[in-house]
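Architecture and fold: a report
Chain by chain, the residues:
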Amino acid sequence: AQSVSQHNHHVILSEAASLELGCNYSYGGTVNLFWYVQYPGQHLQLLLKYFSGDPLVKGIKGFEAEFIKSKFSFNLRKPSVQWSDTAEYFCAVNTNAGKSTFGDGTTLTVKP
Amino acid sequence: DVKVTQSSRYLVKRTGEKVFLECVQDMDHENMFWYRQDPGLGLRLIYFSYDVKMKEKGDIPEGYSVSREKKERFSLILESASTNQTSMYLCASSSGPKLFFGSGTQLSVL
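Each value, and the rule that gives it
- Residues numbered from 1 in each chain as written.
- Chains lettered and ligands numbered in written order.
- Predicted model: local features only at pLDDT ≥ 70, side-chain atom pairs only at ≥ 80, totals over all residues.
- Heavy atoms only, no water.
- Helix = DSSP H or I, 4+ residues; strand = E, 2+ residues; numbered from the N terminus.
- Buried < 20%, exposed > 50% of the residue type's maximum accessible area, 1.4 Å probe, protein only.
- Pairing = 2+ DSSP bridges.
- Disulfide = S-S within 2.5 Å.
- Contact = heavy atoms within 4.5 Å.
- Salt bridge = Lys/Arg side-chain N within 4 Å of Asp/Glu carboxyl O.
- Phe/Tyr/Trp six-rings, centres within 6.5 Å; stacked < 30°, edge-to-face > 60°.
- Lys NZ or Arg CZ within 6 Å of the ring centre and 35° of its normal.
- Core = buried A, V, L, I, M, F, W, Y, C linked by side-chain atoms within 4.5 Å.

1. Overview of unusual backbone geometry
Residues and elements named next belong to chain A.
- For Ala16, which is not a glycine, the phi torsion comes out positive at approximately 80 degrees.
- Of note, Ala16 is situated in the loop between strand E2 (10–14) and strand E3 (19–21).
- In the Ramachandran plot, Lys61 falls in the positive-phi region, its phi being about 60 degrees despite a non-glycine side chain.
- Of note, Lys61 is situated in the loop between strand E7 (56–58) and strand E8 (64–68).

2. Here we look at the pairing of strand E12 (residues 106–111) of chain A
All names here are of chain A.
- Burial along E12 is one-sided: the face carrying Thr106, Leu108 and Val110 is buried and the face carrying Thr107, Thr109 and Lys111 is not.
- Bridge count between E2 and E12: 5 bridges; the pairing is parallel. Counterpart to Val11 in the pairing with E12 is Leu108.

3. A look at the state of the cysteines
All names here are of chain A.
- With the rule as written, the count across this model stands at 2 disulfides over all chains.
- Paired by a disulfide, Cys23 and Cys91 hold their sulfur atoms 1.9 Å apart. Every disulfide takes its handedness from the sign of the S-S torsion; for Cys23 and Cys91 that torsion is -70 degrees, giving left-handed. A residue pair is termed long-range when its members are at least 10 positions apart, and Cys23 in strand E4 (residues 23–26) and Cys91 in strand E10 (residues 87–96) qualify at 68 residues. In this pair, the class of Cys23 matches that of Cys91, namely buried.

4. Overview of the environment of A:Phe74
All names here are of chain A.
- Within the element layout of this structure, Phe74 appears in strand E9 (residues 73–78).
- Here Phe74 falls in the buried class, since its relative accessible area comes to 0%.
- Sequence spacing of Phe74 and Val93 is 19 residues, and the spatial spacing of their C-alpha atoms is 9.7 Å.
- Those residues in contact with Phe74, other than ones at most four positions away along the chain, are Cys23, Leu33, Phe34, Trp35, Leu48, Lys49, Tyr50, Val57, Ala65, Glu66 and Phe67.

5. Some points on the pattern of salt bridges
Residues and elements named next belong to chain B.
- Tallied over the entire structure, the rule returns 10 salt bridges over all chains.
- The partner of Arg44 in a salt bridge is Asp38, with the nearest N and O atoms 2.8 Å apart.
- Overall, the relative accessible area of 12% leaves Asp38 in the buried class.

6. Things to note about the packing of aromatic side chains
- Scanning the entire structure with this criterion turns up 15 aromatic pairs over all chains.
- Between A:Phe34 and A:Phe51, the ring centres sit 5.7 Å apart and the planes meet at 70 degrees, which makes this aromatic pair edge-to-face. Taken as a pair, A:Phe34 in strand E5 (residues 32–38) and A:Phe51 in the loop between strand E6 (45–50) and E7 lie far apart in primary sequence, 17 residues in all.
- A network of ring pairs unites the aromatic residues A:Phe34, A:Tyr36, A:Phe51, A:Phe102, B:Phe33, B:Tyr35, B:Phe48, B:Tyr50 and B:Phe101 as a single cluster.
- Lying over the aromatic face of A:Phe51, A:Lys49 brings its terminal NZ or CZ to 5.9 Å of the ring centre.
- We note B:Arg9 situated over the ring of B:Tyr10; from NZ or CZ to the ring centre the distance is 5.4 Å.

7. Quick notes on the nonpolar core
- By size, the foremost hydrophobic cluster in this structure holds 28 residues, and its most contacted members are A:Leu19, A:Leu33, A:Trp35, A:Leu48, A:Phe74, A:Leu76 and A:Tyr89.
- Among the elements that make up this core, the one with the highest residue count is E10(A) (4 residues).
- Those residues in contact with A:Leu19 that lie beyond four places of it in its chain are A:Val11, A:Leu13, A:Phe63, A:Leu76, A:Arg77, A:Lys78, A:Val81 and A:Leu108.
- The next biggest cluster of nonpolar side chains, apart from the first, holds 20 residues, and it includes B:Val19, B:Met32, B:Phe74 and B:Cys91.

Rendered as structure tokens:
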């Protein structure tokens, strides 16, 4: 069975700092990879996804993630965070249509 | 836009009660899911369904059952609610790898 590990449970940054959230998964076959975000009081929504092709994918609001197959990693990055990026971020792996496994989540707090 | 609607945003029930959580999606998706979200544990899959009248156990099905009589509706049932089922319940639907989530139901079992 696949599993997902997120390295940090809580990250606190000042505005304009750079962000990198780690995500590693365990599964030997082909995967689809996702980052979902949940802003305070809102529902989960897709931030970005990787299915195939260029391993560096860009999502909404200036986020990007890089798929490194050899490291089973899909880390999320943003060069300069804003206060509005305060949210909980979930990495997810999907190995067949629909059934996804999620990491434990990382709560990002950005101080103004 | 896909809309996944969960019937209640907040629900308070007593131990031993039978609880129904309803979810409806409007995009004709084949796949529907129930997750629970707990602090520090992320999202854990309870049950899912790939088709009408079809259901499969997820990672934590104990204490739950589901019903999918119509394609657009997927119900989660707690036969006898217990305090350890206090949680945020999230419904999702999909026609492929990407999930679309509802707003969630915060269930408190007293």
